[in-house]
Amino acid sequence: LPPTEEEKEKKEQKKPPKQKKEPQQKKKQPQADLSESELRDVRLGKAQAMRDSGMEPYAYSYDPTHTAGELQSLYEGKLDGGEEDVDANVKVAGRIMTKRLFGKLAFFTLQDETGTIQLQMEKKRMGDFFKDLKAYVDSGDII
């Protein structure tokens, strides 16, 4: 026989009330959600970590070999999509506009006073420096 209404009510009364699960906090808070002072502390912490590992976060001088505009002019129409100039030795400087990380690959969009270029970095080519680059460089940084 199916339970009567009275039996159903008694059964419901015995059940403890359902508690709402609290959402789990994320391990790392996105930088966009940080206050100015928290963001400052994060950046200063990264600068100190760089010093501790033997790198100078605020280089005294840097001599780029090319600008973004020069590279665009130099390679315009010379390389197919996905093709690269493996013999090129290029040093650039500018502001990191976007940073996209994909495991062993990273893409940075770099902008200087002459234009914008995309940098592709591979762990295989960069070795241990690749891990440091991913850890220390943020969008908006000038490198």
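Now for a quick tour of the structure.

### Here we look at the layout of surface pockets
Estimated volume of the largest pocket: approximately 2,000 Å³. Forming the walls of the largest pocket are 46 residues, and the residues nearest its centre are V90, V92, L119, M121 and I143. Mapped by element, the contributors of at least two residues to the lining of the largest pocket are helix 2 (36–52), helix 3 (68–75), strand 2 (105–112), strand 3 (115–122), helix 4 (123–126) and helix 5 (128–136). Grouping the constituent residues of the lining of the largest pocket by class yields 28 nonpolar, five polar and 13 charged.

### Focus: the sheet that holds strand 2
Here we have three strands laid out as an open sheet, ordered 1-2-3, and antiparallel in their pairing. Each of the sheet's edge strands pairs with one partner strand only, and the pair in question is strand 1 (95–102) and strand 3. The average undirected angle you get between the axes of adjacent strands in this sheet is 15°. Across eight bridges, strand 2 lies against strand 3 in antiparallel orientation. What sits directly across from L105, in strand 3, is E122. Contacting strand 2 and strand 3, helix 3 crosses the sheet at an angle of about 80° to strand 3.

### As for the side chain of D141
With respect to the helices, strands and loops of the structure, D141 is situated in the segment after helix 5. Look past the residues within four positions of D141 in its chain and what remains in contact with it is R43, G94, R95, I96 and Y136.

### Overview of the pairing of strand 1
Bridging between strand 1 and strand 2 involves seven bridges; their strand directions are antiparallel. Along strand 2, the bridge assignment pairs R100 with F107. Adjacent in sequence and paired antiparallel, strand 1 and strand 2 are bridged by two residues, among which G103 carries a positive phi angle near 65°.

### Some words on the nonpolar core
Formed by 13 residues in total, the largest nonpolar core has its most connected members in V92, F108, L110, I117, L119 and M121. When contributions to this core are tallied by element, the ones reaching two or more residues are helix 3, strand 2, strand 3 and helix 5. Sequence-distant contacts of I117, that is, excluding residues within four places in its chain, are made with A68, L71, Q72, V92, F108, T109 and L110.

### A few points about the pattern of salt bridges
Per the counting criterion, the structure on display carries six salt bridges. Between R43 and D141 there is a salt bridge, and its shortest N-O distance comes to 2.5 Å. Of this pair, R43 sits in helix 2 while D141 sits in the segment after helix 5; the two residues are 98 residues apart in sequence, bridging distant segments of the chain. Between D138 and K99 there is a salt bridge whose closest N-O contact spans 4.0 Å.

Calculation rules
Residues numbered from 1 in each chain as written. Predicted model: local features only at pLDDT ≥ 70, side-chain atom pairs only at ≥ 80, totals over all residues. Heavy atoms only, no water. 1 Å grid on protein atoms, 1.4 Å probe; cavity = no way out; pocket = protein on both sides within 12 Å on 5 of 7 lines; lining within 4 Å. Points joined across faces, edges and corners; volume = space filled by probe spheres on them. Helix = DSSP H or I, 4+ residues; strand = E, 2+ residues; numbered from the N terminus. Nonpolar A, V, L, I, M, F, W, Y, C, P; charged D, E, K, R; others polar. Pairing = 2+ DSSP bridges. Axes fitted to C-alpha atoms, helices over the stretch in contact; angles between N-to-C directions. Contact = heavy atoms within 4.5 Å. Core = buried A, V, L, I, M, F, W, Y, C linked by side-chain atoms within 4.5 Å. Buried < 20%, exposed > 50% of the residue type's maximum accessible area, 1.4 Å probe, protein only. Salt bridge = Lys/Arg side-chain N within 4 Å of Asp/Glu carboxyl O.

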